[in-house]
Each structure stands twice: as structure tokens, then as C-alpha cells.
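Breakdown of the fold
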Amino acid sequence: LFRLTVKRLFSASRSSVDSTEMKKFQLLAHKWWDEEGEYSALHSMNDIRVPFIRDTLLSMRSNYHLGSPLSGVKILDVGCGGGLLSEPLGRLGASVTGIDPLEDNIRTADQHKSFDPVLAKRIQYKSSSLEQIVEECIETFDVIVASEVVEHVADLEMFIKCCSQVLKPEGSLFITTINKTQLSYVLGIVVAEKIMGIVPEGTHQWEKFVPPEELGRLLESNGFSVKTVNGMLFNPLSGSWSWMESTSVNYAMHAVKSGAQGQSSPTDAVSETESKLPSATAGTAM
């Protein structure tokens, strides 16, 4: 009955996929792996977002293999694009499912993955919306990653609900996105798009940027407990990212889905551990 109810809920005509956003990214689908091109900032973001995900998850596990620390962890990479984040997570031993509504993105991701036989086994890509994944499988994944995605979705609350549906109790959700401030407009749109061309003009709409307080409220009201919010800063001169206390422009968030029967998660103690981690997760714990 639960599965049928969920199917009816999410197979309606509503979708979190924004068709206008899809058209923008279709034009760039073949450029994902050009480290000097339009996605160069996402390539360099891996230097901080991958350790953030890895160190947070390891702080919640009692034992792991050093060479393959995320072995046995099932990750859903939502809006995976060309696989820029799926691949390093796969190299850490995780079993990764990367989904993207754009078939051209999935083709690019599949082609790049095929060069590495190890990754070919650990990663599978699907041209799919999050709603379609909800219809296929309930509470399947240990971890969901939505990096630079929520500022492009059509219905954020529905997106969060879907994440909750496919995440196991006490599973982790990682989000990186852009705050909705005057500074984020100046740096994220005027400077990054119009002046320096770090990302293609028209990539972002300031109206769709999400303040961490709003995202936190949405998560809490959908059964998540927000553990950490870290500010992120991009230096356009060096092309590199670093952690900062202020969340006024970019930020990363880690939230944990509550345990079965709505119990609070035993990982409530994690935020304390996270705030003591090295620079990979330096920031403010909520």
C-alpha cells in the first residue's frame, strides 16, 4: 500500500525537473570533462566537496578499508551531469548510481567511465528524474549527493521529499548550492557569468538561489536533521575553492534522515565530530 501511495504521489504530472534548465545544459553536454572549459569550477570543487563527503561518512563508520574507505556504501548522485562527482566517489570504493534527466549528459558520463574498468563496475548511470527513481525503489540508498542541483529544480520541496523516499533511515544527504544574497548575485552572476565568464551566461537565476535557513527548514520538516553547514569560497584568480565560515555565497550542507519510526538518529553526535575534522570539513556545525 505504501509503495502504491508513493507511486501515485510522484507519478503525477508534477516534476522537479525544469525544462528550461534542461535546454541550457543540453548545449554543454559534451564539455563536462574539459577541465579548462565551462565546468572548470566544478572540477576544482572536487578538491573540497569529495573530502567533505568522505570524511563526514567515515566519522559515522566504525570500520573501513583505508584503500577503499567507502566500500559497501550505496550513493545516489542526483543531477550527475557528466559524472564529475560520481567518478571520485566510485574511486573511494562506493557503489554509485548517477542520474540526470538529460540523455546527452548520461552518454558523456558513460563514455568517460568506460575508460576505467574499475569505475565501469562501480558506477551506473541512468537518464532519469528523481521522481522515476522513487517509483523504482524505496529506501535504497545510504547516501544522496545533490551538488549544484537544488538551484536548478522546479519544485524544491518535492525534490527534498523524493530524496527522503529513496534514502535509508539514518542515511546522509549532501547538498552544495548558492545562498540568495546581494553578494551571491554580484559574485555568482555579475562577476562569474557576465564579467569573467567562469560559467556560461544564463546558467543561474538569482530568484532560484536558496538561503541555508530556508533549505534547513525544508529538510527538518521532511524528516531530516541538519548536521553541518559550511561556507565555500571560489577564488577566480587561482581557480580554487576553500572553506570559510560565512555562507553568504556558496555553502555545503549535510543532513541525516531520521531513523525508523521517526526516532532521532544515533548520528546526532556526528556534528560534534565533524566540526573537529581537518580542513575538509572546517565550518560551522548547526
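Definitions and cut-offs
Residues numbered from 1 in each chain as written. Predicted model: local features only at pLDDT ≥ 70, side-chain atom pairs only at ≥ 80, totals over all residues. Heavy atoms only, no water. Helix = DSSP H or I, 4+ residues; strand = E, 2+ residues; numbered from the N terminus. Buried < 20%, exposed > 50% of the residue type's maximum accessible area, 1.4 Å probe, protein only. Contact = heavy atoms within 4.5 Å. Areas by Shrake-Rupley, 256 points an atom, 1.4 Å probe, with all protein chains shown as cover. Core = buried A, V, L, I, M, F, W, Y, C linked by side-chain atoms within 4.5 Å. Phe/Tyr/Trp six-rings, centres within 6.5 Å; stacked < 30°, edge-to-face > 60°. Lys NZ or Arg CZ within 6 Å of the ring centre and 35° of its normal. Polar contact = N/O pair within 3.5 Å; in protein donor to acceptor, adjacent residues only side chain to side chain. Pairing = 2+ DSSP bridges. Right-handed = clockwise from strand over helix to strand, strands pointing away. pLDDT = per-residue confidence, 0-100.

Looking at an unreviewed UniProt entry, one finds the protein named COQ3 protein, with Bucorvus abyssinicus as its source organism.

Let's shift gears to the overall build of the protein. The helix and strand tally for the protein stands at 11 helices and nine strands. Across the 286 residues of the protein, 53% fall into the buried class. Across the protein, every contact between residues at least 6 apart in sequence was considered, and the portion connecting residues at least 24 apart equals 73%. As displayed, the protein offers around 12,900 Å² of accessible surface, 53% of which is attributable to carbon and sulfur atoms.

Quick look at the nonpolar core now. One finds L70, I75, L89 and V145 to be the most contacted residues of the largest nonpolar core, which totals 38 residues. Taken together, the elements giving at least two residues each to this core come down to α3 (40–59), α5 (103–113), β3 (123–127), β4 (141–147), β6 (224–235) and β7 (240–244). Top contributing element to this core by residue count: α3, with nine residues. Those residues in contact with L70 that sit more than four places away from it in its chain are L57, L58, R61, I75, L89, L92, G93 and A94. Among the nonpolar cores identified, the runner-up in size contains 34 residues, and I133, F141, I144 and C162 belong to it.

We now examine the packing of aromatic side chains. Considering all chains together, one arrives at four aromatic pairs under this definition. With centroids separated by 3.8 Å and ring planes inclined at 0 degrees, the aromatic side chains of W32 and Y39 adopt a geometry described as stacked. Y39 sits in the buried class, given a relative accessible area of 5%. Residues F52 and W243 carry aromatic rings whose centres are separated by 5.3 Å and whose planes lie at 55 degrees to one another, so their mutual orientation is tilted. One end of the pair, F52, is in helix α3; the other, W243, is in strand β7, and 191 residues separate them in sequence. The structure contains a cluster of three or more aromatic residues connected by ring pairs, namely F52, F174 and W243. Lying over the aromatic face of F141, K74 brings its terminal NZ or CZ to 5.6 Å of the ring centre.

This brings us to the environment of R107. Positionally, R107 belongs in helix α5. Taking C-alpha positions, R107 is 7.9 Å from G82, a pair spaced 25 residues apart along the chain. Looking at R107, its side chain comes within polar contact range of the side chain of D104, at 2.3 Å.

The subject of this paragraph is helix α8 (residues 156–166). Among the 11 residues that make up α8, nine are buried, leaving the element largely enclosed by the rest of the structure. Listed as buried for α8 are L156, M158, F159, I160, C162, C163, S164, Q165 and V166. Between the side-chain oxygen of the N-cap and the backbone nitrogen of E157 there are 3.4 Å, and the N-cap of α8 in question is D155.

Another aspect to go through is unusual backbone geometry. For residues other than glycine, phi is negative in most cases, and the peptide bonds are mostly trans. Even without glycine at this site, E148 takes up a positive phi of about 60 degrees. With respect to the helices, strands and loops of the structure, E148 is situated in the loop between β4 and α8. Despite not being glycine, E170 has its phi angle at roughly 70 degrees, a positive value. Position of E170 relative to the elements: it lies in strand β5 (residues 167–178). Here E170 falls in the partly exposed class, since its relative accessible area comes to 34%.

What follows concerns the pairing of strand β2 (residues 95–100). Successive residues of a regular strand alternate their side chains across the two faces of the sheet. Of all six residues that make up β2, five are buried, and the element is covered over most of its length. Taken together, the five bridges between strand β1 (residues 74–78) and β2 define a ladder with parallel strand orientation. The partner of L76 across the bridge, within β2, is T97. Handedness of the β-α-β unit built from β1, helix α4 (residues 86–91) and β2 comes out right-handed. The pairing of β2 with β3 spans five bridges and is parallel. Bridging across to β3, V96 finds its partner in I123.

Below, the discussion takes up the confidence of the model for the protein. Per-residue pLDDT for the protein averages 84, and the proportion of residues at 70 or more is 81%. Counting contacts from residues 1–13, a segment whose pLDDT is below 50, to residues more than four positions away or on other chains yields 18 contacts. Across residues 261–286, where pLDDT falls below 50, the model places 51 contacts with residues more than four positions away in sequence or in other chains.

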